[in-house]
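A structural walkthrough
Residue-level listing of the chains:
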Amino acid sequence: MSLELTSHDYVEYINRAAAKIASEGEYITELDAATGDGDHWTNINSGFKSLVSIGDDLAKMPIGDMFKKIGMTLMSSVGGSSGALYGSAYIAVAKALKDNVSIKIVDIQTIYCEMFAAIKKRGKVEAGQKTMIDAICPAIEVLKKAGEDCYSEKETLLMMKNAAIDGAQDTKYMEAVRGRAYYQKGKGVGHLDPGAVSMSMLIASFADYCIDKISV
Amino acid sequence: MSLELTSHDYVEYINRAAAKIASEGEYITELDAATGDGDHWTNINSGFKSLVSIGDDLAKMPIGDMFKKIGMTLMSSVGGSSGALYGSAYIAVAKALKDNVSIKIVDIQTIYCEMFAAIKKRGKVEAGQKTMIDAICPAIEVLKKAGEDCYSEKETLLMMKNAAIDGAQDTKYMEAVRGRAYYQKGKGVGHLDPGAVSMSMLIASFADYCIDKISV
Amino acid sequence: MKKIINSPETVVEDMLRGIVAANPQLALAEGMSVIYRKEMSKKVGLVSGGGSGHEPAHAGYVGRGMLDAAVSGNVFSSPDPERILEAIKRADSGKGVLLIIKNYSGDCMNFTMAQELAEMEDIEVDYVIVRDDVAVEDSLHSTGRRGIAGTVFVHKICGAMAETGGSLEQVKAVAEKTIANVRSIGMALSSCTIPAIGKPGFALAEDEMEIGMGIHGEPGVGRCKIMPAKELAEVMLDRIIRDFDKDGGIGGEVSLMVNGYGATPLMELFILNAEVGNILHEKGVTIYKTYVGNYMTALDMAGSSITLLRMDEELKSLLDAVVDTPALKGGA
Amino acid sequence: MKKIINSPETVVEDMLRGIVAANPQLALAEGMSVIYRKEMSKKVGLVSGGGSGHEPAHAGYVGRGMLDAAVSGNVFSSPDPERILEAIKRADSGKGVLLIIKNYSGDCMNFTMAQELAEMEDIEVDYVIVRDDVAVEDSLHSTGRRGIAGTVFVHKICGAMAETGGSLEQVKAVAEKTIANVRSIGMALSSCTIPAIGKPGFALAEDEMEIGMGIHGEPGVGRCKIMPAKELAEVMLDRIIRDFDKDGGIGGEVSLMVNGYGATPLMELFILNAEVGNILHEKGVTIYKTYVGNYMTALDMAGSSITLLRMDEELKSLLDAVVDTPALKGGA
Ligand SMILES: Nc1ncnc2c1ncn2[C@@H]1O[C@H](COP(=O)(O)OP(=O)(O)O)[C@@H](O)[C@H]1O
Ligand SMILES: Nc1ncnc2c1ncn2[C@@H]1O[C@H](COP(=O)(O)OP(=O)(O)O)[C@@H](O)[C@H]1O
Ligand SMILES: [Mg+2]
Ligand SMILES: [Mg+2]
Ligand SMILES: [Mg+2]
Ligand SMILES: [Mg+2]
């Protein structure tokens with residue numbers, strides 16, 4: 001069975017992602033406390049809690065509207081840098097997928113490319129500057145490569161997941177240029193970027209959800 | 001040899017008393033922290049340090065002037081309640097002994113009676129209200145009794161010392177009426193009064209000094 | 001102990017230098033720890049003071065519309081009579097001087113000794129004693145109630161009265177009226193550290209607070225578990241209102257001060273203020289004016305006090321009069 | 001965590017209620033965390049804001065002579081564009097609105113997104129970004145310097161300029177001039193505790209302090225042993241002065257702010273002020289005006305920041321203009 005997600009499915013993923021984020025409170029908080037101001041988990045967690053609370057509405061929306069609503073909700077409920085960035089990211093996805101009736105494997109590449117571009121623009125960052133896009137960027141590369149080399153959907157999703165996780169881990173050696181870690185003496189070198197870690201968790205959750213979906 | 005102290009001797013006693021107070025910092029501080037604001041030791045210690053620093057001048061003064069100077073110095077260097085009280089006490093002593101050329105055993109009774117009366121008046125307190133006069137009051141009673149019963153000077157001084165120390169210990173069971181311990185729920189019952197304890201140390205130091213003096 | 005100081009011995013001196021450096025309209029009587037207005041006013045003089053550690057009290061209230069001179073003792077220790085006399089002289093323009101004393105044994109003794117000294121020099125001096133802390137039983141035969149944040153209202157109102165040319169008698173009368181109508185209650189989340197001692201005066205467990213705390217880290221009247229701000233406001237207000245009830249009730253209109261003890265941020269004071277305001281509103285009591293901030297502190301103690309002042313038309317107009325001091329400005 | 005709060009989730013909401021309760025001249029746009037002047041002024045609108053936890057900033061600076069509206073995010077989190085748009089609308093009387101942004105990624109993104117939204121509704125909006133913290137290297141290719149206590153000077157000066165009828169362009173110009181002439185440096189003795197997290201963001205040993213601390217408990221640039229106030233003043237001023245040196249030097253006359261981070265009592269701020277004043281005096285720099293107090297805090301962090309603003313005649317007269325806000329009043 002090949003992947004095809006409805007709004008209802010995407011909301012199921014959101015619920016899973018929210019649970020994952022909720023369970024990582026201490027870890028993510030500590031990461032942001034080390035190089036930032038310690039609030040990244042409360043920000044992102046409250047955003048996903050808000051999404052869960054409007055899940056029933058979201059599930060009934062067309063794909064494009066759903067993504068837009070997710071973006072607006074995150075923008076107003078997450079706050080901080082990540083609110084603006086996630087908000088911009090989802091709104092960009094909404095524009096790109098506005099005529100979609102479902103999400104297929106090819107759309108996943110679109111989703112993450114749009115997010116990447118939107119965050120880059122809004123945050124004035126490039127890959128390699130120790131931010132959340134450093135979890136997205138390797139995932140996109142894998143998706144492109146997988147498309148060319150004709151991997152199976154499941155293989156593709158697994159590779160995407162691992163690339164995102166590795167990407168987040170690689171932020172440890174990067175110097176921050178934007179965001180709070182920049183204020184540190186060592187520009188955060190030696191520490192993981194909290195935004196990249198949470199982003200990698202979301203990508204991994206999404207991959208897992210999709211794999212479950214096609215494995216049924 | 002019967003007791004006869006000069007100003008020079010009294011300054012020697014002041015030095016000893018200052019050393020004793022200096023060594024009891026933690027104990028007295030803790031007592032005041034338990035029922036008051038924790039500064040009694042710093043107050044009284046800084047007063048005796050000031051006295052030590054003007055010791056050479058004090059030693060050269062007539063008895064009356066010396067006591068007056070001690071009073072003025074304590075008043076301005078101790079601060080708080082005890083500054084006003086010790087100041088008033090020594091100034092009262094100065095008035096009573098203004099024609100003295102030395103301090104004999106009979107004068108000791110005068111000294112403590114004057115101090116007692118002055119503190120009572122200035123502080124609007126009675127004996128038994130958990131203040132510094134509860135160390136003086138039993139000392140005075142012993143001095144009176146010793147005078148009537150013809151004890152030796154040494155015996156008298158020893159009895160005075162013990163009475164002051166016991167008097168301070170007895171404050172444990174008293175309810176405060178004046179001073180900060182009054183603000184406590186239990187009116188300080190169960191705690192020693194710091195002012196009575198430091199006063200008993202000064203009386204005890206004085207007795208010890210006098211005993212040393214007549215034992216030579 | 002972690003403090004921004006040079007040494008525990010010099011905190012008061014260094015601080016007073018810092019106050020006059022920031023306020024060129026004020027001067028420091030060197031060696032006397034007295035801060036006074038450079039330009040002496042032609043009116044009844046107002047002097048307050050006491051131990052240090054309550055900043056901005058009292059030097060922060062010297063200026064037009066409030067005090068003429070403030071005298072500082074060591075941390076939490078009353079200044080001696082000589083210094084108080086110096087403050088009286090700096091405040092005296094021939095119309096007499098009123099001493100505003102917070103009710104502590106040490107302050108009462110030292111200020112009244114100074115009054116005696118001043119009278120020997122033919123300066124007319126009278127005094128009032130502020131006793132607003134309802135945590136303590138009031139009584140004439142004991143120390144009685146402490147003076148805490150309500151003292152700031154007395155400064156403000158007497159200052160305004162003096163500025164309008166009131167006589168010593170009139171200024172004293174309005175001070176007594178303010179004192180009769182002001183009530184406070186404090187609470188602490190932590191102890192404070194006296195610099196010369198270097199460690200906290202007492203310990204409160206991670207989940208404990210103390211009600212009825214004074215402004216010297218003296219133990220309060222009851223320790224309990226920390227509670228939500230709403231409940232705390234209820235508990236604190238209840239004590240004040242029950243005390244007003246013994247004396248005619250809270251009345252229809254009060255001014256309110258939510259005072260921080262030094263280490264409590266404004267965010268928390270505003271939260272407490274919201275709850276106090278709600279309760280008073282429910283009781284049908286109008287709040288004429290609200291002060292939220294650090295007005296009478298206890299070094300680095302975390303905690304706050306609530307003060308209510310029953311208002312009448314005279315007190316309103318005096319409270320509204322313009323002031324210009326380091327800590328209170330404008331139509332504050 | 002010991003705080004006077006109802007619950008970590010409601011701190012901002014509860015606090016904002018407390019601010020308007022204490023300041024009847026201000027109103028709260030319910031659900032939007034925007035505090036604005038009830039009486040709208042006919043002049044260029046001034047809006048500031050950011051994460052909460054910096055009280056009295058920014059709501060405490062809303063009033064005559066300063067801001068028209070302040071918007072609050074969650075603790076240390078930038079407010080979202082929708083709320084900022086609400087603040088813009090509350091401040092707009094048709095003469096345009098200037099946003100005063102502290103330089104943080106989140107604030108810059110959210111405020112500029114709000115600007116885009118406002119322009120879609122035909123409201124003229126411009127912005128300035130305050131970047132006064134010399135602990136951070138300045139650069140155009142990175143986040144660059146943080147905005148900290150110097151922001152209060154920008155509020156004050158822009159407010160005065162707008163009040164005299166200056167155009168949006170003129171107000172922006174004087175904001176940029178202020179930003180070009182203001183420098184700050186912070187230090188911390190302790191971390192702060194974000195209510196929702198419940199424990200301190202980092203730990204400092206009993207004898208350690210951190211220099212270059214921002215106002216969110218972000219780690220600073222260097223940890224060292226605590227030092228006497230005199231030395232601390234030297235170390236902090238040195239960084240500011242060296243930075244001025246890259247841009248024409250400190251000049252002959254500055255205004256000074258010694259700002260507390262929330263848990264540091266006034267006593268310590270005045271001690272630091274005395275030492276800063278001495279050093280500037282020795283260097284032949286005149287201090288035009290000094291502000292000592294809690295102006296831009298970081299929750300319950302113990303510590304302080306020093307801000308210097310190079311003065312000229314225009315800035316002097318704007319700094320002296322009368323204000324009437326909860327946190328700054330009179331000829332402050
Ligand atoms: N300019 C930026 N561009 C991209 N990502 C950024 C930028 N600034 C911050 N981030 C990301 O946001 C994360 C921090 O988010 P969060 O803690 O929620 O916000 P804040 O920094 O406002 O407290 C960082 O770890 C980083 O991944
Ligand atoms: N009214 C009073 N009369 C007599 N002694 C008093 C009075 N008030 C306080 N004291 C004494 O002073 C002691 C406290 O002194 P100290 O701590 O130096 O002053 P303060 O109470 O001002 O901090 C008390 O233990 C008590 O013995
Ligand atoms: Mg963060
Ligand atoms: Mg004491
Ligand atoms: Mg004391
Ligand atoms: Mg943040």
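See the structure shown above.
A quick note: this is a predicted structure, and the numbers were derived from the prediction, not measured. (Residues numbered from 1 in each chain as written. Chains lettered and ligands numbered in written order. Predicted model: local features only at pLDDT ≥ 70, side-chain atom pairs only at ≥ 80, totals over all residues. Heavy atoms only, no water.)

1. Structural notes on the overall build of chain A
- Of regular secondary structure, chain A possesses 10 helices and two strands.
- Along its sequence from the N terminus, chain A presents helices and strands in the succession β-α-α-α-α-α-α-β-α-α-α-α.
- Radius of gyration (C-alpha) of chain A: 16 Å, near the 17 Å computed for a compact globule of 216 residues.
- Expressed along its principal axes, the backbone C-alpha trace of chain A runs to roughly 50 × 40 × 30 Å.
- Relative to its full complement of 216 residues, chain A shows a buried share of 59%.
- When contacts within chain A are restricted to residue pairs at least 6 apart in sequence, those whose partners lie at least 24 apart make up 69%.
- A total of about 8800 Å² of accessible surface is found on chain A, and carbon and sulfur atoms cover 53% of it. (Helix = DSSP H or I, 4+ residues; strand = E, 2+ residues; numbered from the N terminus. Rg over C-alpha atoms; globule rule 2.2 N^0.38 Å. Buried < 20%, exposed > 50% of the residue type's maximum accessible area, 1.4 Å probe, protein only. Contact = heavy atoms within 4.5 Å. Areas by Shrake-Rupley, 256 points an atom, 1.4 Å probe, with all protein chains shown as cover.)

2. A closer look at the site of ligand 2
Residue and element names in this part refer to chain B.
- Taken together, 22 residues surround ligand 2, and among them Asp39, Asn43, Ser82, Asp193 and Gly195 come closest.
- Between ligand 2 and the protein, one listed contact pairs an oxygen atom with a side-chain N or O atom of Asp37 at 3.0 Å.
- Calculation on ligand 2 without its partners gives an accessible area of 560 Å², and the protein chains cover 97% of this total.
- Listing elements by their share of the shell around ligand 2, those giving two or more residues are helix H3 (40–53), helix H6 (80–96), helix H7 (105–123) and helix H10 (194–215).
- Top contributing element to the shell around ligand 2 by residue count: H6, with four residues.
- For the shell around ligand 2, the residue count by class is six nonpolar, 10 polar and six charged. (Near = heavy atom within 4 Å. Polar contact = N/O pair within 3.5 Å; in protein donor to acceptor, adjacent residues only side chain to side chain. Nonpolar A, V, L, I, M, F, W, Y, C, P; charged D, E, K, R; others polar.)

3. Comments concerning the coordination of the magnesium ion (ligand 3)
Residues and elements named next belong to chain A.
- All of the protein donors around the magnesium ion (ligand 3) are Asp32 (OD), Asp37 (OD) and Asp39 (OD); their distances to the metal are 2.1 to 2.3 Å.
- Donor residues for the magnesium ion (ligand 3), ordered by position in the chain, follow D-x4-D-x1-D.
- Distance-wise, the magnesium ion (ligand 6) is placed 3.6 Å from the magnesium ion (ligand 3), both being coordinated by Asp37.
- Look at Asp39 and you get buried, because its relative accessible area is 4%. (Donors = N, O, S within 2.8 Å, 3.2 Å for Na, K, Ca; no water.)

4. A short note on the coordination of the magnesium ion (ligand 4)
Residues and elements named next belong to chain B.
- Taken together, Asp32 (OD), Asp37 (OD) and Asp39 (OD) make up the protein donors of the magnesium ion (ligand 4), found 2.1 to 2.3 Å from the metal.
- Summarised as a motif, the one-chain spacing of the donors to the magnesium ion (ligand 4) is D-x4-D-x1-D.
- For the pair the magnesium ion (ligand 4) and the magnesium ion (ligand 5), the metal-to-metal distance amounts to 3.6 Å, and Asp37 bridges them.
- For Asp32, a relative accessible area of 8% translates into the label buried.

5. Let's talk about the interface of chain D and chain C
- Residue-level contacts link 55 residues of chain D with 55 residues of chain C.
- Carbon and sulfur atoms make up 64% of the surface buried where chain D meets chain C, a total of about 4300 Å² over both sides.
- Three residues stand out in chain D for area buried against chain C, namely Lys2, Ile4 and Met267 of chain D, and they jointly supply 21% of the buried area on that side.
- Taken together, the connections running from chain D to chain C amount to two salt bridges.
- The tally of links between chain D and chain C comes to 22 residue pairs in polar contact (both at pLDDT 80 or more).
- Where the side of chain D that touches chain C is concerned, the elements lending two or more residues are helix H1 (11–22), helix H6 (229–245), helix H7 (266–282), strand E11 (286–293) and strand E14 (329–330) of chain D.
- Ranked by residues supplied to the side of chain D that touches chain C, first place goes to H7 of chain D with 10 residues.
- Class assignment of the residues belonging to the side of chain D that touches chain C gives a composition of 30 nonpolar, 12 polar and 13 charged. (Buried area = accessible area lost by both parts, 1.4 Å probe. Salt bridge = Lys/Arg side-chain N within 4 Å of Asp/Glu carboxyl O.)

6. Remarks on the arrangement of the chains
- Counting contacts across all three pairs of chains found in contact, the highest total belongs to chains C and D.
- The least C-alpha distance between chain A and chain B, which are not in contact, is 37 Å.
- Chain B shows no contact with chain D. Their nearest C-alpha atoms sit 18 Å apart.

7. Some words on the environment of Glu116 of chain C
- Looking at the element boundaries, Glu116 of chain C is found in helix H3 (residues 105–120).
- Judged by its relative accessible area of 40%, Glu116 of chain C is partly exposed.
- On a C-alpha basis, the gap between Glu116 of chain C and Asp312 of chain C in space is 34 Å, while along the polypeptide they are 196 residues apart.
- A polar contact of 3.4 Å, which involves the side chain of Glu116 of chain C, links it to the side chain of Arg122 of chain B.

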